[in-house]
Amino acid sequence: MKNVFLNNYIFISALLLLMYSCKIPSVNIDDDISARQSTSIDSGWKFYKYEKLQDADSLIYDTRPDYVDTKQVVPADAKPTEAVLKKNNSNALKPWIMPTGNDFISNPKKRFKRPKGNPGNDFAFVQKDFKDSAWTTVSLPHDWAISEPFLEGWDANVGGGMGRLPSPGIAWYRKKIFIPKSDQDKSIFLDIDGIMSYAMVWVNGNLAGGWPYGYTSWRLDITPYISPGEYVQLAIRVDNPPNSSRWYPGGGIYRSIKLTKTNSVHVAHWGTFINTPEVSTKNAKISFELTLQNDLKEKARVKVKTQIFELDARGNMQGTSLAEMVSDQLILPAGSKMTWKDTTHLTNPKLWGPPPAQVPNRYMAVSKVYSDETIIDIYKTPFGIRSLNFDPEHGLLVNDKKVYLKGVNQHHDLGALGAAFNLSAAKRQLEVLKELGANAIRMAHNPPDPKLLELTDEMGFLVIDELYDSWERKKNPLDFHLIFSDWSEQDIRAMVRRDRNHPSIIMWSTGNEVGEQYTGEDGAAIAKQLRKYVLDEDPTRPITASMNYAKPNMPLPKTMEVLSLNYQGEGIRNSPGYAHLPGINTPPLYPDFHKAFPDKMIISSENAAALSTRGTYIFPVTKEISAPVSDTTGGDSRSNYVSSYELYTAPFGSSADKVFESLDKHPYVAGGFVWSGWDYLGEPTPYYLARSSYFGLIDLAGFKKDRFYLYQSRWRPNLPMAHILPHWNWKDRLGKITPVHVFTSGDEAELFLNGKSLGKKSKKDFQYRLRWDDVLYTPGELKVVTYKNGQFWAENIVKTTGEPYRLELIPEQKSIEADGKQLAFVQVKIVDSNGRTVPNANNLLHFKLNGSAQIVATDNGDPTDKTSFVSHSRNAFNGSALVILKSRNEGNFKLTVSSQGLQEGSMLLVAKN
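All values derive from a computational prediction rather than experimental measurement. (Residues numbered from 1 in each chain as written. Predicted model: local features only at pLDDT ≥ 70, side-chain atom pairs only at ≥ 80, totals over all residues. Heavy atoms only, no water.)

Some points on the overall build of the protein
Scanning the protein for helices and strands turns up 10 helices and 49 strands. Its C-alpha atoms give the protein a radius of gyration of 29 Å, within 12% of the compact-globule value 29 Å for 913 residues. Projected onto its principal axes, the C-alpha positions of the protein cover 95 × 65 × 65 Å. Evaluated residue by residue, the protein yields a buried proportion of 62% over its 913 residues. Total accessible area on the protein stands at roughly 35800 Å², and carbon and sulfur atoms take up 50% of it. (Helix = DSSP H or I, 4+ residues; strand = E, 2+ residues; numbered from the N terminus. Rg over C-alpha atoms; globule rule 2.2 N^0.38 Å. Buried < 20%, exposed > 50% of the residue type's maximum accessible area, 1.4 Å probe, protein only. Areas by Shrake-Rupley, 256 points an atom, 1.4 Å probe, with all protein chains shown as cover.)

Points about the sheet that holds strand β24 (residues 462-466)
In spatial order, the strands read β22-β23-β24-β25-β26-β27-β28-β33; together these eight strands close into a barrel with parallel pairing. Averaged over all neighbouring strand pairs, the angle between strand axes comes to 25 degrees, with direction disregarded. Bridge count between strand β26 (residues 543-547) and strand β27 (residues 562-566): two bridges; the pairing is parallel. Bridging across to β27, Ser546 finds its partner in Ser564. The strands touched by helix α4 (residues 450-459) are β23 (440-443), β24 and β25 (505-512); relative to β23, the strand with the most contacts, the crossing angle is about 165 degrees. (Pairing = 2+ DSSP bridges. Axes fitted to C-alpha atoms, helices over the stretch in contact; angles between N-to-C directions. Contact = heavy atoms within 4.5 Å.)

Observations concerning the pattern of salt bridges
One pass over the structure, following the stated rule, counts 46 salt bridges. In this structure, Arg497 engages Glu537 in a salt bridge whose closest nitrogen and oxygen atoms are separated by 2.9 Å. Of this pair, Arg497 sits in helix α5 (residues 481-499) while Glu537 sits in helix α6 (residues 520-537), and the two are 40 residues apart along the sequence. We note that Arg497, like Glu537, is buried. Salt bridges sharing partners connect three or more residues here, namely Glu489, Arg493, Arg497, Arg500, Lys532, Asp536 and Glu537. (Salt bridge = Lys/Arg side-chain N within 4 Å of Asp/Glu carboxyl O.)

So, the sheet that holds strand β49 (residues 905-912)
Strand pairing in a sheet takes place through backbone hydrogen bonds and is either antiparallel or parallel in direction. The sheet built from five strands is open, its strands ordered β42-β49-β48-β44-β46 with mixed pairing. Two strands lie at the open edges of the sheet, namely β42 (815-817) and β46 (873-875), each paired on one side alone. Across the sheet, the axes of successive neighbouring strands diverge by a mean angle of 30 degrees, strand direction being ignored. Strand direction decides the pairing type here: β42 and β49, joined by three bridges, are parallel. Following the sheet pairing, Ile816 is matched in β49 by Ala911.

Description of the packing of aromatic side chains
According to the stated counting rule, one finds 44 aromatic pairs in the structure shown. Plain terms: the ring middles of Phe708 and Tyr709 are 5.2 Å apart, the flat faces sit at 70 degrees to each other, and that makes the pair edge-to-face. By relative accessible area, Phe708 is classed as buried at 0%. Clustering of aromatic rings is evident, with ring pairs tying together Tyr48, Tyr50, Phe123, Phe125, Phe130, Trp135, Trp172 and Trp202. The ring of Phe189 has Arg219 lying over it, and the distance from NZ or CZ to the ring centre is 4.2 Å. Positioned above the aromatic ring of Phe766 is the side chain of Lys665, whose terminal nitrogen or guanidinium carbon lies 5.0 Å from the ring centre. (Phe/Tyr/Trp six-rings, centres within 6.5 Å; stacked < 30°, edge-to-face > 60°. Lys NZ or Arg CZ within 6 Å of the ring centre and 35° of its normal.)

Re the side chain of Thr613
Structurally, the position occupied by Thr613 is in the loop between β28 (601-608) and β29 (627-628). Among the residues examined, Thr613 registers a relative accessible area of 1% and is labelled buried. Excluding residues within four positions of it along the chain, Thr613 makes contact with Tyr641, Val642, Ser644, Tyr694, Pro863 and Phe877.

Some thoughts on the environment of Glu661
Within the fold, Glu661 resides in helix α9 (residues 656-665). Sequence-wise, Glu661 and Ser147 are 514 residues apart; in three dimensions their C-alpha atoms are separated by 43 Å. Every residue in contact with Glu661, bar those within four places of it in the chain, is listed here: Ile625, Phe766 and Tyr768.

Remarks on helix α3 (residues 423-436)
Quick reminder: α-helices carry 3.6 residues per turn. Residues three or four places apart thus point the same way. Here α3 is 14 residues long and its end C-alpha atoms lie 20 Å apart, about the 20 Å a rise of 1.5 Å per residue gives. Among all positions of α3, only Ser424, Ala425, Ala426, Arg428, Gln429, Leu430, Val432, Leu433 and Leu436 are buried. Summarising the contacts, the buried residues of α3 are in contact with β22 (405-410), β23, α4, α10 (706-715), β43 (824-831) and β47 (880-887). Within two residues after α3, Gly437 carries a phi angle of roughly 110 degrees, on the positive side. (Expected span 1.5 Å × (residues − 1).)

Describing the pairing of strand β35 (residues 740-744)
Of all five residues making up β35, five are buried, and the element is well covered by its neighbours. Side chains Val740, Val742 and Thr744 project from β35 onto one buried face, and the interleaved His741 and Phe743 project onto a second face that is buried too. The pairing of strand β34 (residues 722-725) with β35 spans four bridges and is antiparallel. Its bridge partner being in β35, Ala722 is matched across the sheet by Thr744. Bridging between β35 and strand β38 (residues 770-772) involves three bridges; their strand directions are antiparallel. Across the sheet, the residue bridging to Val740 is Trp772, located in β38.

Concerning the packing of α3 against α10
For the pair α3 and α10, interaxial distance at closest approach is 8 Å and the crossing angle is 55 degrees. Of the possible angle classes, the one that applies to α3 and α10 is oblique. Taken together, the residues of α10 that come into contact with α3 (itself represented by Val432, Glu435 and Leu436) are Phe708, Tyr711, Gln712 and Trp715. Tallied by class, residues from the contact of α3 with α10 come to five nonpolar, one polar and one charged. (Parallel < 35°, antiparallel > 145°, perpendicular 65-115°, else oblique. Nonpolar A, V, L, I, M, F, W, Y, C, P; charged D, E, K, R; others polar.)

As for α6
With 18 residues, α6 extends 27 Å from end C-alpha to end C-alpha; this agrees with the ideal 26 Å at 1.5 Å per step. All buried positions along α6 are accounted for by Gly523, Ala524, Ile526, Ala527, Leu530, Tyr533, Val534 and Glu537. Tucked inside the fold, the buried residues of α6 contact β11 (265-279), α5, β25, β26 and α7 (555-558).

Things to note about the environment of Arg237
Positionally, Arg237 belongs in strand β9 (residues 230-240). Exposure remark for Arg237: the relative accessible area of 1% places this residue in the buried category. For Arg237 and Trp202, which are 35 residues apart along the polypeptide, the C-alpha to C-alpha distance reads 8.3 Å. Residues in contact with Arg237, not counting those within four places in the same chain, are Asp57, Leu59, Ile60, Ile170, Ala171, Trp172, Tyr198, Ala199, Met200 and Trp202. Here Leu59 takes part through its backbone oxygen, which lies 3.1 Å from a polar atom of the side chain of Arg237. (Polar contact = N/O pair within 3.5 Å; in protein donor to acceptor, adjacent residues only side chain to side chain.)

A word on the nonpolar core
By size, the foremost hydrophobic cluster in this structure holds 186 residues, and its most contacted members are Tyr173, Leu190, Leu433 and Trp471. The element that contributes the greatest number of residues to this core is α5, accounting for eight residues. Not counting residues up to four positions away in its chain, the partners in contact with Trp471 are His481, Phe484, Thr510, Gly511, Val514, Glu516, Gly523, Ile526, Ala527, Leu530, Ala545 and Leu556. Within the second largest apolar cluster, 27 residues are counted, among which are Val279, Phe288, Leu330 and Val369. (Core = buried A, V, L, I, M, F, W, Y, C linked by side-chain atoms within 4.5 Å.)

Overview of the environment of Val798
Residue placement: Val798 occurs in strand β40 (residues 791-799). Judged by relative accessible area, which is 16%, Val798 ranks as buried. Taking C-alpha positions, Val798 is 8.6 Å from Pro726, a pair spaced 72 residues apart along the chain.

Remarks on the packing of α5 against α6
Two elements in contact, α5 and α6, have axes whose closest approach is 9 Å; the angle formed by their N-to-C orientations is 35 degrees. When you trace α5 past α6, the crossing you get is right-handed. Within the contact between the two elements, α5 uses Phe484, Ser488, Glu489, Ile492, Arg493, Val496 and Arg497 and α6 uses Ile526, Leu530, Tyr533, Val534, Asp536 and Glu537. (Left-handed = near helix turned anticlockwise from the far one by under 90°.)

Some words on the pairing of β9
Successive side chains on a regular strand alternate, one facing one side of the sheet and the next facing the other. Counting buried positions along β9 gives nine out of 11 residues, so the element sits mostly inside the fold. Where strand β4 (residues 169-179) lies against β9, 11 bridges are found, and the strand directions are antiparallel. Along β9, the bridge assignment pairs Ile177 with Val232. With four bridges joining them, strand β6 (residues 199-203) and β9 adopt antiparallel strand pairing. When the bridges of β9 are listed, Val201 appears paired with Ile236.

What follows is the structure, encoded as structure tokens:
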């Protein structure tokens with residue numbers, strides 16, 4: 001039998017050799033998994049955080065300036081200021097960290113050479129034999145602050161700006177991984193999606209490298225520090241400074257890490273670039289670049305074959321290869337990189353485009369690297385085929401079809417889950433935005449988790465990928481302006497190189513409201529340099545930076561290929577109700593920019609900055625279409641709530657109504673991005689004693705505010721919908737004026753109170769809501785019937801409810817994967833005896849779970865609620881609360897929610913493999 005196997009092996013080997021002598025063999029895509037292995041190492045980390053900064057070790061990246069202010073009560077559009085000079089510190093580890101970014105420094109003479117020595121090697125935490133059994137065991141992604149108590153008061157160490165959670169601090173992560181003897185000749189890397197922040201990595205006691213910017217993904221070559229056949233000790237130091245962000249940054253290894261093993265000759269990190277310079281429904285030209293890396297000390301001869309496959313809606317490859325590109329023999333000198341370029345064509349391509357008018361079709365390029373007849377690497381690159389045209393008069397054209405940008409700005413946190421990325425939570429956010437009618441997202445103000453861009457590709461969102469919130473000038477004393485001069489080239493090239501194959505990305509943004517708007521030609525010079533870095537990596541997309549101050553006659557706008565205006569389009573503090581406010585004061589500037597730059601497309605990269613607290617209504621109601629929040633206009637500084645009549649704004653902002661009017665009066669503007677899609681942790685304008693923002697169309701728990709329906713009525717004009725506000729439970733307002741507003745995609749509506757008509761109203765030009773401002777409150781039923789083009793369109797009914805009676809549980813999914821990662825989101829509603837949600841019920845709820853799952857977090861969307869997110873007891877807020885669940889074990893689990901005096905609610909969910 002042994003000889004039979006041997007003969008078969010010889011026959012097959014000879015056959016393969018014969019095939020290769022004719023051409024590169026066609027093999028199954030996954031026929032040689034030994035060519036490249038990339039595995040998650042997210043589980044089983046040990047974690048320790050110093051209780052106080054003054055108790056931390058001295059292994060610092062660099063010295064930092066002294067600072068005083070900790071309250072962070074700074075207007076969002078305040079002028080950034082000059083950096084404070086740092087003192088030199090000969091003990092800083094920065095010289096050992098800088099070489100990690102060398103692959104992204106184009107000029108070889110400017111690359112960094114690792115100094116002699118191995119700082120930190122004698123520190124206990126990096127040693128193999130250090131006993132870390134008393135440390136906490138965590139899985140990645142991990143946000144060290146999100147489960148901690150909120151910090152209260154004006155004198156808290158972390159104020160409202162950064163979310164009142166202890167994200168600042170210094171901590172360590174340790175993990176052992178085994179590298180088998182079979183990996184003796186492999187190149188071995190850590191692929192790190194993001195660490196917040198100033199990460200430094202020791203491998204077997206050797207300082208291997210690091211990266212300071214917390215939002216950059218990066219690779220660390222650990223090959224020189226390991227001995228295959230033994231365990232490897234990883235030790236990662238994380239240092240997240242106080243006063244370093246204008247929003248909640250999270251803390252720790254808040255994205256995933258993979259261990260990647262390749263042969264010594266392999267496709268380089270993010271080593272492909274695919275673009276489609278010629279696109280039609282009949283033919284697409286595909287331009288392909290692949291960079292090879294030779295880690296050997298001798299030259300290597302290889303060939304490359306790349307095949308293109310169609311992907312289905314779930315990202316699975318379909319059918320046979322549609323096209324292929326094959327290289328001649330390539331010779332790579334020792335220790336070098338080489339880029340191979342080729343083109344091919346696809347007939348009748350399925351184009352990528354945003355729904356509902358287009359379909360986000362995708363393809364996969366599978367590249368195989370051969371040494372003789374042996375496959376030594378397999379590298380897969382998903383991509384889409386689409387054309388983009390940025391027209392200064394008609395806006396954005398995708399595949400020659402106009403697409404109006406109906407966009408939102410999104411920060412990176414996931415509410416009660418914090419900064420730790422979770423795929424199911426991110427997809428939940430995008431699905432609600434789809435329901436809203438949004439088709440575009442601006443990443444504010446940093447590169448996102450790479451898996452989020454996989455979702456935007458899959459779902460068809462258009463994306464602006466953004467790098468920084470500040471350049472050389474600071475917004476906070478210890479923000480990332482401290483590293484800009486050292487790391488801007490590495491950060492921006494890393495962002496573009498990582499993300500450039502995503503069809504969802506339509507442009508790059510190098511900065512948000514940077515202080516260099518104020519510095520004339522000096523600021524423009526920095527913008528030009530960043531633009532050059534981007535164009536080196538990707539010449540196919542336009543480059544922008546958002547401007548809330550720079551005017552058309554200033555140098556900075558001249559450097560932009562697309563003009564991104566924050567708030568300037570509709571004007572800043574220019575309406576009568578805003579005239580008394582200090583700060584930037586700007587008339588509507590769309591016409592001025594369009595006249596000065598007739599060849600550049602304009603977008604409203606941030607607009608509105610309207611404020612509200614879900615389900616909260618404050619009287620009286622302004623007669624204006626837009627008003628700044630104060631204690632006399634829509635705000636209550638005692639409760640720290642903002643009225644949900646959706647007319648009130650930050651000092652620099654405008655209501656949705658004012659924004660819509662401005663955009664409609666200037667049709668050459670390509671659309672815009674509302675600030676913001678979802679509420680986020682931190683930046684709780686106007687009440688800095690709160691924990692989270694008031695800007696979202698959707699609250700922190702994922703519940704829709706009234707403003708959601710105002711935007712939906714505009715962004716989904718063909719969806720029959722009508723929405724009444726406020727609720728109709730007002731015991732203390734009997735006979736008092738209680739205005740009723742209606743948001744509808746119709747053009748006419750009639751309002752009824754207890755069956756009596758209060759009149760029919762029609763939308764006038766530049767009117768986006770219908771108002772009945774003189775309604776006298778009487779309990780009972782409000783009903784609106786809406787019409788479009790004279791025909792019935794939609795109706796909505798709001799009723800005065802009874803007292804809270806029972807709890808109703810509404811799961812967003814009834815089964816989840818038993819992987820400890822997929823989440824179940826369950827809304828808890830307080831309803832009366834007729835099953836109607838009681839809109840002002842705030843009863844204390846208790847959550848209990850039996851079975852194989854666990855409660856991850858609870859929330860209610862109240863920006864003032866300082867109850868810990870991991871608490872199993874929480875007040876409902878205006879009738880609703882949220883509980884988030886997960887399970888590592890297969891089986892059924894029962895969730896029970898109880899409240900004194902109410903019928904409890906319960907439900908079964910299933911976790912399955």
